[in-house]
Amino acid sequence: MTDYTLYYWPIPFRGHFVRMVLAQVGAHWDEPGQEAIAALRLAADQPYPFMAPPLLVDHATGQSLSQLPAILMALGRRHGLIGDPDETLRLICDAMDVLLEITRCHGAQMWDHAAWADFVGRRLPRWLSLHERIVAGRVEAGFLGGEAPGLADLVLTALWHTMADRLPGMRALMVPHAPTVLALVDRVATTAPIAALIGDWRDRRPLYCAGQIEASILAMLDSGD
């Protein structure tokens, strides 16, 4: 039985935030693909009004929901993954800002050497250090969610582990600023459901955000700037 349908492009990026939560709770979901997403986006009579993916359909309730923060909070509430709702929502909002920055407003501009140097020298360390302050002292060998990863852990993993895993050279830029965060997300990434998800996507779709903006990021990392 399919519990959910996720409409998102066949790349990790924002999709892995939802996928990791669904994997963690043992849900069964399908992803219809790019043609279905395009048809739904352009339909004059959308069953549920939305601008762009992700869109999640809950088959148990019939509810559809768009906007990644809303989807994550709804899943977190339903499946009991939220400890501190205010802090969890704050981390989700942080993650959306980081994704906006690393893709230069989702590809509105490509990276150049000056802009990249500012990002990895100032903005990226600042984001990492903020999350390091939140995590440090709260986890030893465990998770923010307790004995198992909660929504806050999964959000941090979808953000930082995916970035480090899919963008060669990025981890070396991250470690000095957030060793505790990276240790946490690496632990989450080795838990059975998340490791299976990551491995499956690494084998069949070795991308991060795809397109020209990913090529632009990789060019900066390859240049060593």
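None of these values were measured; they are calculated from a predicted model.

Basis of the calculations
- Residues numbered from 1 in each chain as written.
- Predicted model: local features only at pLDDT ≥ 70, side-chain atom pairs only at ≥ 80, totals over all residues.
- Heavy atoms only, no water.
- Salt bridge = Lys/Arg side-chain N within 4 Å of Asp/Glu carboxyl O.
- Helix = DSSP H or I, 4+ residues; strand = E, 2+ residues; numbered from the N terminus.
- Buried < 20%, exposed > 50% of the residue type's maximum accessible area, 1.4 Å probe, protein only.
- Core = buried A, V, L, I, M, F, W, Y, C linked by side-chain atoms within 4.5 Å.
- Expected span 1.5 Å × (residues − 1).
- Bend = angle between axes of the 7 residues up to and from the residue.
- Polar contact = N/O pair within 3.5 Å; in protein donor to acceptor, adjacent residues only side chain to side chain.
- Contact = heavy atoms within 4.5 Å.

Draft legend 1. Quick peek at the pattern of salt bridges. Applying the stated criterion to the full structure yields 10 salt bridges. Put simply, Asp58 and Arg78 hold a salt bridge, and the shortest N to O gap is 2.0 Å. Residue Asp58 is located in strand E3 (residues 55–58), and its partner Arg78 is located in helix H3 (residues 68–78); the two are separated by 20 residues in the primary sequence. Since its relative accessible area comes to 43%, Arg78 is described here as partly exposed. Arg123 is the partner of Glu101 in a salt bridge, and the nearest nitrogen-oxygen pair spans 2.5 Å. Of the two residues, Glu101 sits in helix H4 (residues 85–102) while Arg123 sits in helix H6 (residues 113–135), which places them 22 residues apart along the sequence. Residue classification places Glu101 among the buried positions, given a relative accessible area of 19%. Its relative accessible area of 31% is what places Arg123 among the partly exposed residues. Residues joined by salt bridges that share partners form a network here, namely Asp165, Arg166 and Arg202.

Draft legend 2. Structural detail: the nonpolar core. The biggest cluster of nonpolar side chains holds 72 residues, and the ones touching the most others in it are Phe17 and Trp160. Residues Tyr7, Ile37, Phe50 and Val57 belong to the second largest nonpolar core, which totals 6 residues.

Draft legend 3. Representation of H6 within the structure. End to end, H6 covers 31 Å across 23 residues, agreeing with the expected 33 Å (1.5 Å per residue, within 8%). Where H6 bends most, at Phe119, the angle is about 40°. At the N-terminal end of H6, a side-chain oxygen is found 3.1 Å from the backbone nitrogen of Ala114, two or three residues along, and the residue is Asp112. Just beyond H6, the residue with positive phi is Gly137, at close to 85°.

Draft legend 4. Structural detail: the environment of Glu101. Along the chain, Glu101 and Arg123 lie 22 residues apart, while their C-alpha atoms are 8.6 Å from each other. Leaving out residues up to four positions away in the same chain, Glu101 has contacts with Trp111, Phe119, Arg123 and Trp127. A polar contact of 2.5 Å, which involves the side chain of Glu101, links it to the side chain of Arg123.

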